[in-house]
Amino acid sequence: MAGLLQALVGASEKAAHIARLCRREEPLFQLLVAEKTGADRNRRFLQDFKTLADVLIQEVIKHDLGKEFPELQGHIHGEESNEFRNGQGETVRVRVCATPGDTAALLLSVLEPERAAAELLAAAVHRDVTLGDAELAGVALSVPPQDLAIWIDPIDSTNEYIGGREDVAPVDGIAPAGLCSALVLIGAYDRRTGCPVLGVINEPFFRRDPLTHRWQGRYHWGVAHGETRLSSLSPPPPRPAPRLVLSRAEGAAVRAALDPLCGDGLRFAAGAGYKMLCVILGLADAYVLSQGSTFAWDACAPHAILRALGGGAVALAGALRARREGDTGDPPELVYNRPAEGAAGAERWANRGGLVAYAHPQHLEAVLAAL
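Residues numbered from 1 in each chain as written. Predicted model: local features only at pLDDT ≥ 70, side-chain atom pairs only at ≥ 80, totals over all residues. Heavy atoms only, no water.

1. Remarks on the domain arrangement of the protein
When cut into domains, the protein gives domain 1 (1-128) and domain 2 (147-370). Spacing between the C-alpha centres of domain 1 and domain 2 amounts to 26 Å. Of the roughly 3,000 Å² buried where domain 1 meets domain 2, counting both sides, 71% is carbon and sulfur surface. For the pair domain 1 and domain 2, the number of links is zero salt bridges. Viewed at the interface, domain 2 and domain 1 are joined by 14 residue pairs in polar contact (both at pLDDT 80 or more). (Domains from an automatic or database assignment. Buried area = accessible area lost by both parts, 1.4 Å probe. Salt bridge = Lys/Arg side-chain N within 4 Å of Asp/Glu carboxyl O. Polar contact = N/O pair within 3.5 Å; in protein donor to acceptor, adjacent residues only side chain to side chain.)

Written out as structure tokens, the structure reads:
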């Protein structure tokens, strides 16, 4: 599993490079921001470029992990479909081909006539990634990859990625919106139990290099398997009164119930992955969401890291139901191997009934009591 952990981090680094490339190189950037131009959207091809960027990153991660760990093939899942309809009405399956030239030709069949964009993307897809991380290289673990499956969110908070805002001032370290909330999320879970085991979060747009002005990223990882708890981070210290991070779309009743718990501690941010990262980094003590608007691919990776740090992510509706019924046991944690009954498409993997991601159990209990 140590090799798998390094492979997940390496895949996240390649994904982050592609995400940055799409914003840095003019042929790619112009396609990326075409989403903003209203009537001009999809003028040259039927699928918008932001979706292609998402899908390409997802397929690169699937390809690289499946090649190194054949026992994972068929068990690597992502948010996006890899089928596109091009300007000629043909269906194209986006995938990684044997050579950069072949991959460029396939991408050009979607992006025609944007040859420079297709070649830039193909070169990034076939780029080798070297990790100079001594701590990561020293991790020794033993869980067979054939016991695991993977959830990928190739670019979480896609709208913030497209908008690209860099001028959003953080509030107590938490950015309410902006490019910094666009993340790459890769999580591994136990196929049998659905429990998250390993997570990698990559921040492609962590900061700009002061000399080159190019974006630099960083990554975080965590492992929670059996009695093993390992992470690139240390557990954040708890606050006496919890600071909570919410979606701006959160309902007034939930806000009103939580406000007395934390005083002036309600904060707001975009992106489910980013809000969970705020909890991981100790910028917030819990992320509360009352709606079923997140999915398995949003939560799997950060949930694994939270477990590694002593926290977790519970199903909010189930936890509240258990409290009302007098159940004093641990609230039900989210699992990642059970599609929702009666749902179709992406909704099969929605975290129905909301969630609470937390760093410390006492803050989870305070949130549940308040709600």
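2. Some words on the pairing of strand β5 (residues 183-190)
Of all eight residues making up β5, eight are buried, and the element is well covered by its neighbours. Residues of β5 alternate between two faces, with L183, L185, G187 and Y189 on one and V184, I186, A188 and D190 on the opposite face, all of them buried. Here strand β4 (residues 148-156) pairs with β5 via seven bridges, running antiparallel. Within β5, the position partnered with I150 by the bridge is A188. For β5 and strand β6 (residues 196-208), the ladder comprises six bridges, and the chain directions are antiparallel. (Buried < 20%, exposed > 50% of the residue type's maximum accessible area, 1.4 Å probe, protein only. Helix = DSSP H or I, 4+ residues; strand = E, 2+ residues; numbered from the N terminus. Pairing = 2+ DSSP bridges.)

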